[in-house]
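A structural walkthrough
So the chains spell out like this:
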Amino acid sequence: MKKLILLVAFILLTSITVEKEVYICQSKGGKKYHFTKDRRGLSNCKAEIVKVKLSEAEKQGKTICGYED
């Protein structure tokens, strides 16, 4: 019984997903997303830099910056 409880707890804990957040430039020309706010690509942003969920950035057509690790 104890093993079953541990197994169920493990399944529940591993099924919880936390979506990664990324940074994007809110300009019309912004095409990339970045994992940190101080990346080189964002230094040229003339608009607001915002933190969004990765899925939202992708929904907006943004792709990962080529300089990300």
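Predicted model only: the values in this text are computed from it and were never measured.

What to know about the overall build of the protein
If you tally the helices and strands in the protein, you get two helices and four strands. Expected size for 69 residues packed as a compact globule is a radius of gyration near 11 Å; at 18 Å, the protein overshoots this value by more than 25%. Taking all 69 residues of the protein together, the buried fraction comes to 23%. Residue pairs at least 24 apart in sequence account for 65% of intrachain contacts in the protein once pairs closer than 6 positions are excluded.

Quick word on the pairing of strand β1 (residues 21–25)
Of all five residues in β1, four are buried; the element is thus mostly enclosed. As judged from the five bridges shared by β1 and strand β3 (residues 49–53), these two strands associate in the antiparallel manner. Within β3, the position partnered with V22 by the bridge is V52. Pairing of β1 with strand β2 (residues 32–34), which is carried by two bridges, proceeds in the antiparallel orientation. Considered in β2, the bridge of Y23 is made with H34.

Quick look at the packing of aromatic side chains
Evaluated as defined, the whole model comprises one aromatic pair. Here K20 stacks its cationic end above the ring of F35, 5.0 Å away from the centre of that ring.

Thoughts on the side chain of K62
Along the chain, K62 turns up in the loop between α2 (54–59) and β4 (63–64). An unpaired buried charge is present at K62: no salt bridge exists, and E56, the closest side chain of opposite charge, is 8.9 Å distant. Among the polar contacts listed, one links the side chain of K62 to the backbone oxygen of G30, at a separation of 2.6 Å. With near-sequence residues (within four places) excluded, K62 lies in contact with I24, C25, S27, G30, K31, K32, Y33 and A57.

Definitions and cut-offs
- Residues numbered from 1 in each chain as written.
- Predicted model: local features only at pLDDT ≥ 70, side-chain atom pairs only at ≥ 80, totals over all residues.
- Heavy atoms only, no water.
- Helix = DSSP H or I, 4+ residues; strand = E, 2+ residues; numbered from the N terminus.
- Rg over C-alpha atoms; globule rule 2.2 N^0.38 Å.
- Buried < 20%, exposed > 50% of the residue type's maximum accessible area, 1.4 Å probe, protein only.
- Contact = heavy atoms within 4.5 Å.
- Pairing = 2+ DSSP bridges.
- Phe/Tyr/Trp six-rings, centres within 6.5 Å; stacked < 30°, edge-to-face > 60°.
- Lys NZ or Arg CZ within 6 Å of the ring centre and 35° of its normal.
- Lys, Arg positive; Asp, Glu negative; His and termini not counted.
- Salt bridge = Lys/Arg side-chain N within 4 Å of Asp/Glu carboxyl O.
- Polar contact = N/O pair within 3.5 Å; in protein donor to acceptor, adjacent residues only side chain to side chain.

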